[in-house]
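Notes for the structure review
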Amino acid sequence: MTIHQPPGQPLKTVDALVERGLVALEQREALSEVARRYAVSVTPAIAALIDPSDDTDPIARQFIPAPAELETLPEELADPIGDEAHSPVEGVVHRYPDRALLKLVHACPVYCRFCFRREMVGPGGDALTGDKLDAALAYLASRPEIWEVIMTGGDPLILSARRMREVARRLAAIGHIKVARWHTRVPMVQPERITEDYARALRIPGKASYIAIHANHPREFTADAKAALARLADAGHVLVSQSVLLKGVNADVETLSALMRAFVENRVKPYYLHHPDLAPGTSHFRLSLAEGQALVKSLRGNLSGLCQPTYILDIPGGAGKIPIGPAFLSGCETPGAQGFAEDRHGDLHAYPPVGGGVRFEDEVLD
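These notes cover the structure that comes with them.

Each value, and the rule that gives it
Residues numbered from 1 in each chain as written. Predicted model: local features only at pLDDT ≥ 70, side-chain atom pairs only at ≥ 80, totals over all residues. Heavy atoms only, no water. Helix = DSSP H or I, 4+ residues; strand = E, 2+ residues; numbered from the N terminus. Rg over C-alpha atoms; globule rule 2.2 N^0.38 Å. Buried < 20%, exposed > 50% of the residue type's maximum accessible area, 1.4 Å probe, protein only. Contact = heavy atoms within 4.5 Å. Lys, Arg positive; Asp, Glu negative; His and termini not counted. Charge placed at Lys NZ, Arg CZ, Asp CG, Glu CD. Salt bridge = Lys/Arg side-chain N within 4 Å of Asp/Glu carboxyl O. Expected span 1.5 Å × (residues − 1). Arc of directions from axis to C-beta. Pairing = 2+ DSSP bridges. Axes fitted to C-alpha atoms, helices over the stretch in contact; angles between N-to-C directions.

1. Things to note about the overall build of the protein chain
A tally of regular secondary structure across the protein chain gives eleven helices and twelve strands. For 366 residues, the compact-globule estimate of 2.2 N^0.38 gives 21 Å, and the protein chain sits close to it at 22 Å. Along the first, second and third principal axes, the C-alpha set of the protein chain runs to 80 × 50 × 40 Å. Taking all 366 residues of the protein chain together, the buried fraction comes to 48%. Taking all contacts inside the protein chain whose residues are at least 6 apart in sequence as the whole, residues at least 24 apart take part in 74%. Between the averaged position of the 39 positive side-chain charges in the protein chain and that of its 46 negative side-chain charges there is a distance of 7 Å.

This is the structure in structure tokens:
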């Protein structure tokens, strides 16, 4: 079967992936079944990074469908972080008192195979427009406790500069919102979209502007991606990172270290390293919490403090995010007890030091 894929367009079917040589012909039938359930899209920038001769290619693992996606475990959930339970109006998720999500669109330029919203996003997903957008913005305006709005989806940066300026104009009119944050993969997977004009369109007058950049492997930092990040930083946005700790992609010390350094070298402050959510068909990406903690622990002391992300678990069902990083201090659970601080070599040091130094005062804890 021959498919005439327009140049520069994402590959959105298994047949297109076969034609491009990213999927073997004998896999077509099995992977087509996966594609019927979960959306597929691979941009030219990402396709160019994939080594089809490498069965363990970490870029392919993130974006090319796999038969394992049809294996759903009992603990996996269609809405693993409980968005629906905290959605007062369509397009808004208000889980925490001082911040809310504004889901502007339900489509993405690429579809990650581990996506926690994989049951909700895909081609043809409605954008938040008209009366729905009016209702969402009215909700945000009616809640003075909302200090920060996080634009997400889908990926909001697939929208046009004109649409972005309209959203920015309307958010600028809500006085109690002081911080605007965009969550996106676009600079890494479709960097040509991030022109200087587009970067300026994302600025919301009177608000601090943050952009959370999603990348999971250092190879994603191509020359074009780096240029896109530079345009965003030069336009006055503060860039922070979000990554997912993924088996077969970045779950080793060398790759994780290189990823965090790549962020910092490109003016992106490491922010969140997510433990994979319990989305359906994603168990082949998950490692144990203990394995994740050991990896994150290995970064401390071996990488600059600028390179340290917060290891995060989003509690299933909607209870929210908690930091689950490893502990470096033990024995201090009892007031006045001597503790032990573990250094980057694994050696333990008494705290306070034996024979002097700082001493705990007796105190009563409520």
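Alright, that's what it looks like, and here's the rest.
2. Observations concerning the pattern of salt bridges
According to the stated counting rule, one finds 20 salt bridges in the structure shown. Taking the shortest distance from any N to any O, the salt bridge between Glu148 and Arg181 comes out at 2.8 Å. Of this pair, Glu148 sits in strand β3 (residues 148-152) while Arg181 sits in strand β4 (residues 179-184), and the two are 33 residues apart along the sequence. Of the residues examined, Glu148 reaches a relative accessible area of 7% and is grouped as buried. A salt bridge links Asp197 to Arg200; the nearest nitrogen and oxygen atoms lie 3.9 Å apart. One end of the pair is Asp197 and the other is Arg200, both in helix α8 (residues 196-201) and three residues apart, which spans about a single turn.

3. Focus on helix α9 (residues 223-234)
Compared with an ideal rise of 1.5 Å per residue, which puts twelve residues at 16 Å, α9 spans 16 Å between its outermost C-alpha atoms and is within 8% of the ideal. Of all the positions in α9, only Ala225, Ala228, Leu229, Leu232 and Ala233 are classed as buried. Mapping the buried residues of α9 onto a view down its axis gives an arc of 135°, with all of them on the same face. Pointing more than 90 degrees away from the buried face of α9 are the exposed residues Ala223, Asp224 and Asp234. Buried positions along α9 lie against α7 (186-189), α8, β5 (208-214), β6 (238-244) and β7 (268-274).

4. Observations regarding the sheet that holds β5
With mixed pairing, the nine strands of this open sheet are ordered in space as β1-β2-β3-β4-β5-β6-β7-β8-β9. Across the chains shown, the open sheet's two edge strands, defined by having one partner strand only, are β1 (92-96) and β9 (320-323). Going from strand to strand, the sheet's axes swing by 25° on average, the running direction of each strand aside. As judged from the five bridges shared by strand β2 (residues 99-103) and β3, these two strands associate in the parallel manner. Bridged to Arg99 within β3 is Glu148.

5. Brief notes about the environment of Pro80
On the secondary structure map, Pro80 appears in the loop between α4 (58-63) and β1. Residue classification places Pro80 among the buried residues on the basis of a relative accessible area of 2%. Distance in space between the C-alpha atoms of Pro80 and Phe116 is 6.6 Å, their sequence separation being 36 residues. What Pro80 contacts, discounting residues up to four positions off in sequence, is Phe116, Asp277, Leu278, Ala279, Ile315, Pro316 and Gly317.

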